[in-house]
Amino acid sequence: MIAETVCSAVSAAGLGIAVVTAYRRRFLAAARIAAYSLVPVGLVMTGVVGWLSDTALSPTAWAGFGVLGAAWLLFATTRAVERRRSGASTERGAAAGTGSIHPGTTAPASSTPALRQGRGNGPAQGQPQGRNQGKSPATGDDFSDIEAILKKHGI
């Protein structure tokens, strides 16, 4: 009964503010305020407020929320343990297959830089000249179009 009275008072105050806003010729804002102020009365009329007040004051309902929380905690814990176990077994298998001493680490693909040319038109100092001068040996022609665009702009 108190909840219904409070909701009615909030709605009446909101409608009063909407009237004052409409008087100031801000009709869009007034309509929006009126819509918000009608929500509490609508909730009272549909019975949602009564259901919430019964639930909030019921020890059985709070015990049910506690049981739901415990169930969620169990699901989350078992999922985390399952992920940890499956992740550890795949890391061990990958480390054994690559011959790596440290699990989860990989060797670098190439120790040579991807771009072989310096800032100028000629090859950079210390770079060998060969038929793969503008290409990385690991990637082949993957970056040839990008290198052509960079050369076109003088980069």
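Residues numbered from 1 in each chain as written. Predicted model: local features only at pLDDT ≥ 70, side-chain atom pairs only at ≥ 80, totals over all residues. Heavy atoms only, no water.

Caption draft 1: Examining the overall build of the chain more closely. The secondary structure content of the chain amounts to five helices and zero strands. Mapped from its N terminus to its C terminus, the chain presents α and β elements in the order α-α-α-α-α. Counting over 155 residues, the chain shows a buried share of 11%. Sequence separation of at least 24 residues holds for 31% of the intrachain contacts in the chain that already meet a minimum separation of 6. Element-wise, carbon and sulfur atoms account for 65% of the exposed surface of the chain, whose accessible area totals about 12600 Å². (Helix = DSSP H or I, 4+ residues; strand = E, 2+ residues; numbered from the N terminus. Buried < 20%, exposed > 50% of the residue type's maximum accessible area, 1.4 Å probe, protein only. Contact = heavy atoms within 4.5 Å. Areas by Shrake-Rupley, 256 points an atom, 1.4 Å probe, with all protein chains shown as cover.)

Caption draft 2: Focus on a nonpolar patch on the surface. A contiguous nonpolar surface patch, about 450 Å² in accessible area, is contributed by Val39, Leu43, Val48, Trp51 and Leu52. Among the elements of the structure, α2 (27-46) and α3 (48-56) are those that each provide at least two residues to the nonpolar patch. When residues of the nonpolar patch are assigned to their parent elements, the largest contribution, three residues, is made by α3. Here Leu52 is to be found in helix α3. (Patch = residues over 30% accessible without salt bridge, like charges linked within 9 Å, V, L, I, M, F, W, Y side chains within 5 Å. Salt bridge = Lys/Arg side-chain N within 4 Å of Asp/Glu carboxyl O.)

Caption draft 3: Representation of the packing of helix α1 (residues 2-23) against α2. Two elements in contact, α1 and α2, have axes whose closest approach is 8 Å; the angle formed by their N-to-C orientations is 170°. Between α1 and α2, the angle is such that the two are roughly antiparallel. Residues Glu4, Cys7, Ser8, Val10, Ser11, Gly14, Leu15, Ile17, Ala18, Thr21 and Ala22 of α1 pack against Phe27, Ala29, Ala30, Ile33, Ala34, Ser37, Leu38, Pro40, Val41 and Val44 of α2. By residue class, the composition of the contact of α1 with α2 is 15 nonpolar, five polar and one charged. (Axes fitted to C-alpha atoms, helices over the stretch in contact; angles between N-to-C directions. Parallel < 35°, antiparallel > 145°, perpendicular 65-115°, else oblique. Nonpolar A, V, L, I, M, F, W, Y, C, P; charged D, E, K, R; others polar.)

Caption draft 4: Structural detail: unusual backbone geometry. Unusually for a residue other than glycine, Arg25 sits at a positive phi of about 65°. Inspection of the secondary structure puts Arg25 in the loop between α1 and α2.

Caption draft 5: Spotlight on the side chain of Ser11. As for its position among the elements, Ser11 is in helix α1. Excluding its chain neighbours within four sequence positions, the residues that come into contact with Ser11 are Ser37, Leu38, Pro40 and Val41.

Caption draft 6: Geometry of the side chain of Ser37. Considering the arrangement of structural elements, one finds Ser37 in helix α2. Residues within four places of Ser37 in sequence aside, it is in contact with Ser11, Gly14 and Leu15.

Caption draft 7: Highlighting α2. Here α2 is 20 residues long and its end C-alpha atoms lie 28 Å apart, about the 28 Å a rise of 1.5 Å per residue gives. Within α2, burial applies to Ala29, Ala30, Ala34, Ser37 and Pro40. Residues of α2 that are buried in the fold lie against α1. (Expected span 1.5 Å × (residues − 1).)

From the geometry alone we can't say anything about function, so treat these as descriptive.
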